[in-house]
Amino acid sequence: LHAENEYTYERITEIKDFIKSKCDIDPKVGIICGTGLGSIGELITDAFILDYKNIPYFPISTVEGHKGRLILGYIKTVPVICMQGRFHYYEGYSLSKCVMPVRLMKLLGVTHLIASNAAGGLNQDFKIGDIMLQKDHVNVMGFSGNGPLVGLNDLRFGPRFFSMVNAYDVDLLESAKKIAEELGLKNIKEGVYTCVGGPTYETVAEVRALRSMGIDAAGMSTVHEVTTARHCGMRCFAFSLITNICPIDYSTAVESEIHSNDVIEVAMSKDKDLKLFVERIVQFIGKN
Ligand code: HPA
């Protein structure tokens, strides 16, 4: 039998009550910042900041490029909660542990999730610095039965079985495209994301295999977060910042070898654009 999920409804309620006892903001939008994208948190006014290490039962962020704090506050009058730093499977956390904060957001009243990530471009037409709006995902880890919802189902979060069609909300995606256009962001793409377990980046054969499955970008997060958010009825929007192009040819693979510092650097260089972009999407959600 699978190990019990330590993050029961009651346990997450305890965490929710702890946060409520310190801060009376009722967030509507949940934001998860990807590697190097934590500055999105700087958009938040009247910020109430909690380090993960000071929240009961919270895991800690162990990787560079992730601050490890939860911020509640407002983006242009819309109440938000923001994770500056997420939890990854490759850190040794189970997928159900990685997604606990999404359920916490739900218990705090969040109705919309915005997830961001740094990802490698499998689609060879992509360029470094592109922003890929996620239209869909392929849950490759789920193919082997490794998913955040494996184990006993608690109906208070959502149903045992449910559809993942429309996992990425069409209205949000369409308005994000319009917003990007209005902002004059030129490097906007749309595509299919996947989460690989990591922490390794892909071999050439893996890049070819994933590409042949119709996947445009690979990262190490988001899929299980969106899965969990859909389970509990949130509307989701996600985007990938393409920090590198994955090598699909052996002849060029070695020159294009990727390093995690490059990932963080590219992500941080897009700071301004992405802050504006997220601000406008949050405003759009606030109005609807
Ligand atoms: N593969 C997987 N995850 C990533 C990559 C990649 O190439 N780049 C940034 N995150």
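See the structure shown above.
> Give a detailed account of the overall build of the chain, specifying residues and quantitative values.
Assigned secondary structure in the chain consists of nine helices and nine strands. Rg of the C-alpha trace for the chain: 18 Å, near the compact-globule value of 19 Å for 288 residues, within the 12% margin. Once the C-alpha set of the chain is aligned to its principal axes, its extents read approximately 55 × 50 × 35 Å. For the chain, buried positions account for 55% of its 288 residues. The averaged location of the 34 negative side-chain charges in the chain is 5 Å from the averaged location of its 30 positive side-chain charges.

> Mind laying out the layout of surface pockets, listing which residues take part and the relevant values?
As a volume, the second largest pocket reaches approximately 530 Å³. Among the elements that line the lining of the second largest pocket, the one with the most residues is strand β5 (residues 112–121), at four residues. Classifying every residue of the lining of the second largest pocket gives 18 nonpolar, 12 polar and four charged.

> Give a detailed account of the site of the ligand, specifying residues and quantitative values.
The local shell around the ligand holds 13 residues, among which G120, E202, A218, G219 and N244 are the closest. Contact between the ligand and G120: a nitrogen atom at 3.3 Å from a main-chain N or O atom of the residue. The separation between a nitrogen atom of the ligand and a polar main-chain atom of A218 is 3.4 Å. Protein burial of the ligand: of its 260 Å² of free accessible surface, 95% is covered by the chains. With respect to the pocket detection grid, the ligand is positioned in the second largest pocket. Counting residues per element, the ones that place at least two in the shell around the ligand are β5, β8 (217–219) and β9 (235–245). For the shell around the ligand, the per-class residue count stands at eight nonpolar, four polar and one charged.

> Describe the packing of aromatic side chains, naming the residues involved and giving the relevant values.
Scanning the entire structure with this criterion turns up eight aromatic pairs. With 5.2 Å between their ring centres and 50° between their planes, Y52 and F87 make a pair best called tilted. Taken together, the residues Y52 in the loop between β2 (45–51) and β3 (69–75) and F87 in the loop between β4 (78–84) and α2 (95–98) connect sequence positions 35 residues apart. We classify F87 as buried; its relative accessible area is 1%. Note on F58 and F87: the rings are 5.9 Å apart at their centroids and 70° apart in plane angle, and the pair reads as edge-to-face. Here F87 lies in the loop between β4 and α2 and F58 lies in the loop between β2 and β3, a separation of 29 residues in the sequence. Aromatic rings pair up to connect Y52, F58, F87 and Y93 into one cluster. Over the ring of Y57 we find R11; its NZ or CZ atom is 3.8 Å from the centre of that ring.

About the thresholds
- Residues numbered from 1 in each chain as written.
- Predicted model: local features only at pLDDT ≥ 70, side-chain atom pairs only at ≥ 80, totals over all residues.
- Heavy atoms only, no water.
- Helix = DSSP H or I, 4+ residues; strand = E, 2+ residues; numbered from the N terminus.
- Rg over C-alpha atoms; globule rule 2.2 N^0.38 Å.
- Buried < 20%, exposed > 50% of the residue type's maximum accessible area, 1.4 Å probe, protein only.
- Lys, Arg positive; Asp, Glu negative; His and termini not counted.
- Charge placed at Lys NZ, Arg CZ, Asp CG, Glu CD.
- 1 Å grid on protein atoms, 1.4 Å probe; cavity = no way out; pocket = protein on both sides within 12 Å on 5 of 7 lines; lining within 4 Å.
- Points joined across faces, edges and corners; volume = space filled by probe spheres on them.
- Nonpolar A, V, L, I, M, F, W, Y, C, P; charged D, E, K, R; others polar.
- Near = heavy atom within 4 Å.
- Polar contact = N/O pair within 3.5 Å; in protein donor to acceptor, adjacent residues only side chain to side chain.
- Areas by Shrake-Rupley, 256 points an atom, 1.4 Å probe, with all protein chains shown as cover.
- Sits in = over half its atoms within 2 Å of the grid points.
- Phe/Tyr/Trp six-rings, centres within 6.5 Å; stacked < 30°, edge-to-face > 60°.
- Lys NZ or Arg CZ within 6 Å of the ring centre and 35° of its normal.

By themselves, these figures tell us nothing about what the structure is for.
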